[in-house]
Every structure is written in C-alpha cells, then in structure tokens.
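Working through the structure, step by step
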Amino acid sequence: MRIRSADPAGDAAACAAIYAPFVQSTAISFEDEAPDAAQMLERMANRYPWLVAEDGGQVVGFAYASRHRDRSAYRWAVDVAIYVDPQRQRRGLARALYEELFGLLSEQGFRVACAGITLPNDASVALHTKLGFQLVGVYRRIGWKLGAWHDVAWYQRPLMAAKTGPPREPGSA
C-alpha cells in the first residue's frame, strides 16, 4: 500500500467511485446524489490536502480536509473526512491516511481537525477515538436521509499544541 497526494485529474474518478456507495446506500454522507468525476475534481482543487491510498496501482481510499466554517477566526480549524473501499476496510488504511493527513495539516499551521460522524457508526467512532478525537457534541435529528432522521456526533482533535499569542497563518509551510 502507498499513500500519496491525490492527483485531481488522475484520481477524481476513482475517489468518486469509492464515495458513491456511501452516498447512495447509507446515511454516512448526507448528500442525495453522488458526485461524478468532474464534480469530485472540482472539490479536489482547493488549498486543503487530499490524499489517496493505492494498492497495486489502484486507488482504494482517500482522506481530505476542507474549510471548517466561513468566519475568519475559524481558519485554523479544518473538517476532515475519510472513505475507504468497503472491501479494503479494517486493514489500517484509514489510520494510515489520517495520520499522513494530520502531519500535512500540522505543517501547514492548522490547529484543530473536526469530524462529523452520522450515528450510529461504531466503526467510525472507534477509529476517530483511537486517533485522539474527542466528542464535543451531538446534533440531534439534524439530517433526513433514507426515510429517517439522523444524529451527527462532532469530534475534534488537536493537530498541534495551542500556544499563546497570534499563530502563523494556516496554509503556509
């Protein structure tokens, strides 16, 4: 297995294919329509890191960061997400992807990673907890999908120790 920075033009279709079943068949994603390769390419073209895991030259998982909130004081926080092909889960790919992503985010000056997990999702809760995320709250009955209301638990994890005084701008190495 190899983890590398995503190549948007080369990896968008594979990431879209991995993500589609989560959109179409589960409440893990609150999207109603799975993005196609062009839409995924558009999402990947931002200042936040996207990583892919390859096995035998095939993309089998991906992790990425995105803006947490629009207000400027939040700019040191990111949302993170991870998706692994169901046939490749429970083999350490998610952990490896996230650990690499956290290192990149720390280097870029981000301080906090946030993750929203649709409940119930014991596997995702266990993964995030093992990686140092702590539960900070639950949005109750916040999303309607697949004929039911779903809760979303919010977790956060420090990416680097908080220091006093103004931090350097995130996104700079």
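Residues numbered from 1 in each chain as written. Predicted model: local features only at pLDDT ≥ 70, side-chain atom pairs only at ≥ 80, totals over all residues. Heavy atoms only, no water.

Restricting attention to buried positions, one finds in helix α4 (residues 122-130) the residues Ser124, Leu127 and His128. All buried residues of α4 lie within an arc of 95° about the axis, which places them on one face of the element. Summarising the geometry of α4, the exposed residues directed more than 90 degrees from the buried face are Asp122 and Lys130. On its buried side, α4 packs onto β4 (77-84), α3 (93-107) and β5 (112-118). At the C-terminal side of α4, Gly132 shows a positive phi close to 95°. (Buried < 20%, exposed > 50% of the residue type's maximum accessible area, 1.4 Å probe, protein only. Helix = DSSP H or I, 4+ residues; strand = E, 2+ residues; numbered from the N terminus. Arc of directions from axis to C-beta. Contact = heavy atoms within 4.5 Å.)

Here we come to the pattern of salt bridges. Scanning all chains against the criterion turns up nine salt bridges. Salt-bridge contacts for Glu99 lead to Arg95; the nearest nitrogen and oxygen are separated by 3.5 Å. Taken as a pair, Glu99 and Arg95 lie in helix α3 at a separation of four residues, close to a single helical turn. A relative accessible area of 41% means that Glu99 is categorised as partly exposed. One salt-bridge network, in which partners are shared between bridges, spans Arg2, Arg4, Asp11 and Glu54. (Salt bridge = Lys/Arg side-chain N within 4 Å of Asp/Glu carboxyl O.)

Next up on the list: the pairing of strand β7 (residues 148-158). Relative to β7, β5 runs antiparallel, the two sharing seven bridges. Bridge pairing in β7 links Thr118 to Val152. Bridging between strand β6 (residues 134-145) and β7 involves eight bridges; their strand directions are antiparallel. For Leu135, the partnering residue across the bridge sits in β7 and is Tyr155. The hairpin formed by β6 and β7 contains two residues between the paired strands, and Leu146 there has a positive phi angle of roughly 55°. (Pairing = 2+ DSSP bridges.)

Right, let's talk about the packing of aromatic side chains for a bit. With the rule as written, the count across this model stands at twelve aromatic pairs. Taking 5.6 Å as the distance between ring centres and 35° as the angle between the ring planes, the aromatic pair formed by Phe62 and Tyr83 counts as tilted. Of this pair, Phe62 sits in strand β3 (residues 58-67) while Tyr83 is found in strand β4, placing the two residues 21 residues apart along the sequence. Each member of the pair, Phe62 together with Tyr83, is buried. Summarising the aromatic geometry, the rings of Tyr139 and Trp154 are spaced 6.0 Å apart at their centres and angled 55° between planes, so their arrangement reads as tilted. Residue Tyr139 is found in strand β6, and its partner Trp154 is found in strand β7; the two are separated by 15 residues along the sequence. Taken together, the ring pairs in this structure connect Tyr19, Phe22, Trp50, Phe62, Tyr64 and Tyr83 into an aromatic cluster. (Phe/Tyr/Trp six-rings, centres within 6.5 Å; stacked < 30°, edge-to-face > 60°.)

Function cannot be inferred from these measures alone, as they are strictly geometric.
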